[in-house]
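# Inside the fold
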Amino acid sequence: MHGFFLLHASHTHGKKHSADARAFSFIKILNLMQDMSYPPQMLFVENVVGFEVSDTHDQLLEVLSSLNFNTQEFILSPLQFGVPYSRPRYFCLAKREPMRFRNASVNNKLLQTPMCLSMTLNSTSQGSDHQTEEELEPVCKPIKDFLVKEADGGTRNESVLQAYMVPVNLIERWGNAMDIVYPESKRCCCFTKSYYRYVKGTGSLLATSENIKWVPEEKLQVSSLKELGLRYFTPREVANFHSFPSSFYFPDHISLKQQYAMLGNSLSIAVVGPLLCYLFAEA
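Calculation criteria
- Residues numbered from 1 in each chain as written.
- Predicted model: local features only at pLDDT ≥ 70, side-chain atom pairs only at ≥ 80, totals over all residues.
- Heavy atoms only, no water.
- Helix = DSSP H or I, 4+ residues; strand = E, 2+ residues; numbered from the N terminus.
- Buried < 20%, exposed > 50% of the residue type's maximum accessible area, 1.4 Å probe, protein only.
- Contact = heavy atoms within 4.5 Å.
- Areas by Shrake-Rupley, 256 points an atom, 1.4 Å probe, with all protein chains shown as cover.
- Axes fitted to C-alpha atoms, helices over the stretch in contact; angles between N-to-C directions.
- Parallel < 35°, antiparallel > 145°, perpendicular 65-115°, else oblique.
- Left-handed = near helix turned anticlockwise from the far one by under 90°.
- Nonpolar A, V, L, I, M, F, W, Y, C, P; charged D, E, K, R; others polar.
- Salt bridge = Lys/Arg side-chain N within 4 Å of Asp/Glu carboxyl O.
- 1 Å grid on protein atoms, 1.4 Å probe; cavity = no way out; pocket = protein on both sides within 12 Å on 5 of 7 lines; lining within 4 Å.
- Points joined across faces, edges and corners; volume = space filled by probe spheres on them.
- Core = buried A, V, L, I, M, F, W, Y, C linked by side-chain atoms within 4.5 Å.

Per the secondary structure count, the protein chain includes 9 helices and 8 strands. Evaluated residue by residue, the protein chain yields a buried proportion of 47% over its 283 residues. Considering only residue pairs separated by 6 or more positions, the protein chain has 74% of its internal contacts joining residues 24 or more positions apart. For the protein chain, the exposed surface amounts to about 15,000 Å²; the carbon and sulfur share of it is 53%.

Take the packing of helix H1 (residues 24–33) against helix H2 (residues 55–66) next. Each pair of packed helices can be described by the angle between their axes along with the distance between the axes. Contact pair H1 / H2: the axes reach a minimum separation of 10 Å and the direction vectors enclose 15°. Looking at the two axes, H1 sits roughly parallel to H2. H1 and H2 meet at a crossing whose hand is left-handed. Along the contact surface, H1 presents Phe26, Ile27, Leu30 and Met33, while H2 presents Thr56, Gln59, Leu60, Val63 and Leu64. When the residues that make up the contact of H1 with H2 are grouped by side-chain class, the tally is 7 nonpolar, 2 polar and no charged.

All chains considered together, the criterion is met by 5 salt bridges. Here Asp179 ties to Arg187 by a salt bridge, and the two come within 3.1 Å at their closest N and O atoms. Classification of Arg187 by relative accessible area gives buried; the value is 18%.

Turning our eyes to something else, we now look at empty space enclosed by the protein. Overall, the coordinates contain 1 cavity of 30 Å³ or more when judged by the stated rule. In this structure, the largest cavity encloses a volume near 30 Å³. What lines the largest cavity is Glu46, Pro78, Arg87, Arg89, Phe91, Ser266, Leu267, Ser268 and Val271. Taken together, the residues that form the lining of the largest cavity break down as 4 nonpolar, 2 polar and 3 charged.

Nonpolar side chains in soluble globular proteins tend to end up buried together. Membership of the largest hydrophobic core comes to 52 residues, with the highest contact counts inside it found for Phe74, Phe233 and Leu275. Only strand S2 (42–48), strand S3 (69–76), strand S4 (89–96), strand S6 (180–181), strand S7 (205–207), helix H7 (235–241), helix H8 (256–264) and helix H9 (269–280) provide two or more residues apiece to this core. Among the elements that line this core, the one with the most residues is H9, at 6 residues. When sequence neighbours within four positions are dropped, the list of residues in contact with Leu275 reads Phe44, Phe74, Leu76, Phe91, Leu93 and Leu117. Among the nonpolar cores identified, the runner-up in size contains 14 residues, and Leu30, Met33, Val63 and Tyr90 belong to it.

Shown next, in the form of structure tokens:
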């Protein structure tokens, strides 16, 4: 059985690059790999977009090359897999000689399309080397497909969802900075670990009113925003955007803040699943 490493590289795309303390553990692993009698045969690395232009990234490729790894790099988002969730991430897949990738023609390249992963991917993944979010949205499922389903008895559990309504004072202060989506929308912003605690730049908010339509090109007045019935997405809904299985749940002792924090640092199964299948596939 071949050894396998799954590495989450700390955010190193800022000005400090490898000097950032968050990169130390990652660089330590790279150094240790060079001294191993039996290095791993396969490697999977994930990071935020921007890592690909850091000096830590350069060190990664240098070490992998010295250990006779072939690499294939990707920048992919759930949008490319039919999920209405904008979360682009950097991925590096590596196989050590004599192992081969099924599509060796893209070795040592950075791709922004999942086309080479499998010829069986649906039409969402088929396209040019780089597709804009506007091009991907029409083929994504609507957000309503990822919302909490109706409670037992056929009525929505309004008492539960009420806890996720956005307070009026936050709407008055941050209304124009909010990313607002509707159940029919086919895109929402990336949820961060600070979602639910802050509203600016932490993820989208859902408009629940059926009487008002949001027009992205026009900034609604605060009075109109109050009528949208804005609420946060629940942890279960955020998990749905990450393509977690329906059987997934948090233990009762995990607080709401902790749930959002862990989800904000999580991976998209819709993206990682095909990547891992491709990595483990024999040439």
